[in-house]
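Analysis of the macromolecular model
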Amino acid sequence: MVLTPDSERQRICDVKGVPLISSMHEIFGRVEKFQAKADDILIATYPKAGTTWMIEIMDSIRQGGITKEITTIPSHERTPFLELSSMGTLPAGVDLLKDMPSPRLVKTHLPFQLVPQSFWDKGCKVIYVARNAKDILVSYFFFHKITPILPHAGTWDDFFESFLSGNVVWGSWFDHVTGWWDVREKHQILYVFYEDILQDPMREVERVARFLGHTLDNGTIQEIVKHTSFNMMKDNPMTNFSRMPTCIVDVRISPFMRKGQVGDWKNHFTVAQNQRFEEEYRRRMAKTSLRFRTEL
Ligand code: A3P
């Protein structure tokens, strides 16, 4: 097992009030100027909300099922990561996108206000996946251990506090989910919940297909649900990040596809942490109509 020493990890840098890693800060000028095309589809999430899952669902839908492309090309090559700079053998997201035929799928973790203006000018469709903050917190903590480009998470207690204060890469979960929620009706945005997909994947895949303008027969939807189930994606080298350069995500340390559940937070939060979390949650979410489920 090779753990990256703290000294080699990237620093957090402020980009227009949002903490990002230093390499994203450096490339951000190019990201801002990115020219979206009208048929680009953006998948936007806070980290650990089920991005990779939704990418696999969307790509399978638009290809009409599980094609050769889906079974032979790693997810991160099919769906470039907009704000990621060149790392190891992987070109920067903006460069990968330049050479990609349309219609393109584009991944981002940016909060709404940092998304390049061209996506809105061109009226692009966006799918936003949101997941409850407690499970995100746990998932993000473990993700830091296998992701050498992120700063060191510190102890569980340290990370718990950093997350609540928004001092983590891509910023405050509260601002992210409410920011996207508030603009969902102003643009072509489909707001989807991780917990809903887990509870009723057939319904949610159909909903995403309808939004993307595809009509799929029942058999194809079933095939997509099976292909994108946790166990299938965990064993699939195209989706389990085993093809990702290890300088970005190193699954030799522990799997990217970790648990895929709702409620794992109960195994990690202390009673005091849960209380503290609930108080902060009530304060931060008092004015929004957005509701999450932390158990099914
Ligand atoms: P856990 O760490 O809780 O297991 P992202 O792709 O945004 O980084 O999200 C990763 C999280 O989504 C991980 O959560 C991962 O296991 C979970 N995930 C990925 N594919 C999934 C699937 N098919 N079903 C359920 N959860 C999935």
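Rules used throughout
Residues numbered from 1 in each chain as written. Predicted model: local features only at pLDDT ≥ 70, side-chain atom pairs only at ≥ 80, totals over all residues. Heavy atoms only, no water. Helix = DSSP H or I, 4+ residues; strand = E, 2+ residues; numbered from the N terminus. Rg over C-alpha atoms; globule rule 2.2 N^0.38 Å. Buried < 20%, exposed > 50% of the residue type's maximum accessible area, 1.4 Å probe, protein only. Contact = heavy atoms within 4.5 Å. Areas by Shrake-Rupley, 256 points an atom, 1.4 Å probe, with all protein chains shown as cover. Lys, Arg positive; Asp, Glu negative; His and termini not counted. Charge placed at Lys NZ, Arg CZ, Asp CG, Glu CD. UniProt positions renumbered as here; feature names shortened; annotations may be inferred. Phe/Tyr/Trp six-rings, centres within 6.5 Å; stacked < 30°, edge-to-face > 60°. Lys NZ or Arg CZ within 6 Å of the ring centre and 35° of its normal. Core = buried A, V, L, I, M, F, W, Y, C linked by side-chain atoms within 4.5 Å. Near = heavy atom within 4 Å. Polar contact = N/O pair within 3.5 Å; in protein donor to acceptor, adjacent residues only side chain to side chain. Nonpolar A, V, L, I, M, F, W, Y, C, P; charged D, E, K, R; others polar. Pairing = 2+ DSSP bridges. Axes fitted to C-alpha atoms, helices over the stretch in contact; angles between N-to-C directions. Salt bridge = Lys/Arg side-chain N within 4 Å of Asp/Glu carboxyl O. Arc of directions from axis to C-beta.

Now for the overall build of the protein chain. Each helix and strand in the protein chain was counted, giving 14 helices and six strands. Its C-alpha atoms give the protein chain a radius of gyration of 18 Å, near enough to 19 Å, the size a compact globule of 296 residues would have. For the C-alpha atoms alone, the extent of the protein chain along its principal axes is close to 50 × 40 × 40 Å. The buried share among the 296 residues of the protein chain stands at 57%. Partitioning the contacts of the protein chain with sequence separation of at least 6, the portion at a separation of at least 24 is 75%. Roughly 13100 Å² of accessible area belongs to the protein chain as shown, and the carbon and sulfur atoms make up 50% of that amount. Where the 37 positive side-chain charges of the protein chain centre and where its 36 negative ones centre are 1 Å apart.

The UniProt feature table records "domain: Sulfotransferase" (unreviewed entry) at residues 39-288. Strand forms 8% of residues 39-288 and helix 46%; the C-alpha atoms that close the span are 31 Å apart.

Below, the discussion takes up the packing of aromatic side chains. In the structure shown here, the tally under the stated rule is 31 aromatic pairs. Over the ring of Phe81 we find Lys107, and its NZ or CZ is 4.3 Å from the ring centre.

Counting residues in hydrophobic clusters, the biggest one holds 103 residues, and the most contacted among them are Trp173 and Trp180. If near-sequence neighbours (up to four positions away) are discounted, Trp173 is found in contact with Tyr46, Arg131, Asn132, Ala133, Ile136, Phe163, Tyr281, Met285 and Phe292.

Let us now look at the site of the ligand. Not every one of the 19 residues close to the ligand is listed here, only the nearest: Thr51, Thr52, Ser139, Tyr194 and Lys259. Take Ala49: an N or O atom from its main chain is 3.2 Å from an oxygen atom of the ligand. Within the contact set of the ligand, an oxygen atom lies 3.1 Å away from a backbone nitrogen or oxygen of Gly50. About the coverage of the ligand: the protein hides 98% of its 570 Å² of free accessible area. Elements supplying a minimum of two residues to the shell around the ligand: helix H2 (51-62), helix H10 (194-199) and helix H13 (230-235). Among the elements that take part in the shell around the ligand, H2 stands out by supplying three residues, more than any other. Residue composition of the shell around the ligand, by class: eight nonpolar, seven polar and four charged.

All right, on to the side chain of Ser75 then. Turning to its location among the elements, Ser75 is positioned in helix H4 (residues 75-78). In this view, Ser75 contacts Thr52, Ile55, Glu56 and Met238; residues no more than four positions away in its chain are not counted.

Another point: the sheet that holds strand E5 (residues 125-130). Two orientations exist for strands paired in a sheet by backbone hydrogen bonds: parallel and antiparallel. One open sheet holds the four strands; their spatial order is E4-E3-E5-E6, and the pairing between them is parallel. Single-partner strands in this sheet number two, and they are strand E4 (105-108) and strand E6 (189-193). Within this sheet the neighbouring strands show an average axis-to-axis angle of 20 degrees, counted without direction. Looking at chain direction, strand E3 (residues 41-45) and E4 are connected through four bridges and run parallel. Residue Ile41 lies in a different strand from E4, and its bridge partner there is Leu105. Those strands touched by helix H11 (residues 201-212) are E3, E5 and E6, and its axis lies near 170 degrees from that of E6.

All right, on to the pattern of salt bridges then. Scanning the entire structure with this criterion turns up 20 salt bridges. For Glu278, the salt bridge goes to Lys134, with nearest N and O atoms at 2.6 Å. In this pair, Glu278 is assigned in helix H14 (residues 271-284) and Lys134 in helix H7 (residues 133-146), connecting sequence segments 144 residues apart. We classify Glu278 as partly exposed; its relative accessible area is 28%. What makes Lys134 buried here is its relative accessible area of 3%. Glu161 is paired through a salt bridge with Arg276; the nearest N and O atoms lie 2.7 Å apart. Here Arg276 lies in helix H14 and Glu161 lies in helix H8 (residues 156-165), a separation of 115 residues in the sequence. Residues participating in the shared-partner salt-bridge network are Glu56, Asp59, Arg62 and Arg78.

For helix H12 (residues 218-227), the full list of buried residues reads Thr220, Ile221, Ile224, Val225 and His227. Axial view of H12: buried residues confined to an arc of 165 degrees, hence all on one face. If you follow the buried residues of H12, they end up packed against H2, helix H3 (68-72), H11 and H13. Measuring from the side-chain oxygen of the N-cap residue of H12 to the backbone nitrogen of Gly219 gives 3.2 Å; that N-cap residue is Asp217.

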